[in-house]
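Coordinates in review
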Amino acid sequence: MRLKDCYNFHDFRRMAKRRLPSPIFNYIDGAADDEVTYRRNTAAFEGCDLVPNVLRGVGDVDMSVTVMGQRLAMPVYCSPTALQRLFHHQGERAVAAAAAKFGTMFGVSSLGTVSLEEARRICDGPQVYQFYFHKDRGLNREMMARAKQAGIEVMMLTVDSITGGNRERDKRTGFAIPFKLNLAGITQFAIKPSWAVNYVRHEPFRLPQLENHVDMGRGAMSISRYFTEMLDPSMSWDDVAEMVQHWGGQFCLKGVISVEDAKRAVEIGCTGIVLSNHGGRQLDGSRTAFDQLDEIVQAVGDRIYVMMDGGVQRGTHVLKALSLGAKAVGLGRYYLFPLAAAGQAGVERALELMRVEIERGMKLMGCSSVDELTKENLRFR
């Protein structure tokens, strides 16, 4: 299977599955418990129909949007995700370069494998820094100061991960960082030697944002222990309000699902929220972002930038979210599978396919700009 033969999310997923050892593929592909929320994230879009208007004289299409002071050439962005150099040796470098090429936003994670500073040199366009709330308040302030020094304009605090989700696929293979694979997992690495060759031929695996605080090299701290020992489950609205004031700029909460929490985010001075259930990887059975979108936009959409992610696989999914009032839509697995399959070239092809799908869909909907998409273009089954 070749990259030019990939035309959609499912093609990229198949190509990644052929390339990756199964413990790593399942780390990307898996979710919590019975993976109900993971499946519903995409299925939610299927219960909504588009109602196009014809004869609207659509010529050129402007799909640009502005969110939290950042202008995006297209209404999707690459959500920050962890451990990308496990999937392909280019990791965040590939995603940063692809995002820059398409004029859209991407994010670097606290668990990113390329430093904030290097990612900023690759892409000087819209960029967010996603971080977690640590028990060590000094560490939180240090991470924000580093981001500001690197030129990051938007902070994105993930609030749905005060502890790790129950990801049973990882338990079955023994997947962990550092690697502690069981026999079945080791066997899967043995039958995919090309991944191992690339992994050992390139620079050692690092977590640059955390390497002064988490010793991964000698196995002193695993990713699971990082979540259980370093993150603060007692994080409160008062704690976040203090961080918002300390940052003094665009501040976004990722992982909001309830209307009540959306209202609180406005009250403490946040400028953006991302409706998200972490791709179904945290609380299985939780509500999907798309199903909650209209209610939250109605409540706070005129006071804060509302974005969403989860289950987005098509340009039509994006059009439905925009029609309900989302200002932009985050992509996760949609670009991770192409990254795993072909590095930067894979991410660029995926973003180009999404760009073409959104443009084509807007023309067929009779809309020449994003702000022409409204609830009148939708009907729910």
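Structure shown above.
In this report, the structure presented in the accompanying data block is examined. Note that residues are indexed from 1 along each chain, following the sequence as it is written. Per-residue local features are limited, in this predicted model, to residues with pLDDT of at least 70; the limit for side-chain atom pairs, both in listing and counting, is 80 or more; totals at the level of whole chains, interfaces and linings are taken over all residues. Side-chain descriptors were evaluated using all non-hydrogen atoms of the structure, hydrogens and water having been removed beforehand.

1. Considering the overall build of the protein
A run of H or I in DSSP becomes a helix once it reaches four residues, and a run of E becomes a strand once it reaches two; helices and strands are each numbered from the N terminus. Looking only at helices and strands, the protein features 15 helices and 12 strands. Taken along the three principal axes of its C-alpha coordinates, the protein extends 65 × 50 × 40 Å. Only protein chains enter the accessibility calculation, which uses a 1.4 Å probe; a residue whose area is less than 20% of its type maximum is buried, one above 50% is exposed, and one in between is partly exposed. Burial analysis of the protein (381 residues in total) assigns 57% to the buried set. The contact criterion used is simple: two residues touch if any of their non-hydrogen atoms lie within 4.5 Å. Put simply, of all contacts in the protein between residues at least 6 apart along the chain, 74% involve residues at least 24 apart. Counting rule for charge: Lys and Arg are taken as positive, Asp and Glu as negative, and neither His nor the chain ends is counted. We put the charge of a Lys on NZ, of an Arg on CZ, of an Asp on CG and of a Glu on CD. Measuring between centres, the 48 positive side-chain charges of the protein sit 6 Å from its 44 negative side-chain charges.

2. Digging into the packing of aromatic side chains
Between the rings of Phe, Tyr and Trp (Trp by its six-membered ring), a pair exists once the centres lie within 6.5 Å; its type follows the angle of the planes, with under 30 degrees stacked, over 60 edge-to-face, and the other angles tilted. For the coordinates displayed, the defined rule picks out eight aromatic pairs. For the ring pair Phe 45 and Phe 290, a centre distance of 4.5 Å and an interplane angle of 35 degrees mean the geometry is tilted. In this pair, Phe 45 sits in helix H3 (residues 36–46) while Phe 290 sits in helix H13 (residues 289–300), placing the two residues 245 residues apart along the sequence. Of the two residues, Phe 45 and Phe 290, both sit in the buried class.

3. Some words on the nonpolar core
To qualify as a nonpolar core, a set must consist of buried Ala, Val, Leu, Ile, Met, Phe, Trp, Tyr and Cys residues joined through side-chain atoms within 4.5 Å. By size, the foremost hydrophobic cluster in this structure holds 123 residues, and its most contacted members are Phe 251, Ile 273, Leu 293 and Met 308. Take this core: its biggest share by element is 15 residues, from helix H15 (residues 333–365). Once residues within four sequence positions are removed from consideration, Ile 273 is found in contact with Cys 252, Leu 253, Val 256, Ala 262, Ala 265, Ile 296, Val 300, Ile 304, Tyr 305, Val 306 and Met 307.

4. Here's the deal with the side chain of Asp 239
Locating Asp 239 in the fold gives a position in helix H11 (residues 237–247). Those residues in contact with Asp 239 that lie beyond four places of it in its chain are Phe 133, Arg 137 and Ser 234.

5. Considering the pairing of strand S11 (residues 328–331)
Put simply, side chains in a regular strand alternate between the two faces of the sheet. Alternating residues of S11 divide into Ala 328 and Gly 330 and Val 329 and Leu 331, and every residue in both groups is buried. Paired strands, as defined in this entry, are two strands with at least two bridges between them according to DSSP. Looking at chain direction, strand S4 (residues 76–78) and S11 are connected through three bridges and run parallel. Directly across from Val 76, in S11, lies its bridge partner Val 329. A clockwise path from the first strand over the helix to the second, with the strands pointing away from the viewer, defines a right-handed crossover. Crossover handedness for the path strand S10 (residues 305–309) to helix H14 (residues 315–323) to S11: right-handed.

6. What about the side chain of Thr 37?
By the element assignment, Thr 37 lies in helix H3. With a relative accessible area of 0%, Thr 37 lands in the buried category. Apart from residues no more than four positions distant in its own chain, Thr 37 is found in contact with Asn 277, Gly 280, Leu 283, Asp 284, Gly 285 and Ser 286.

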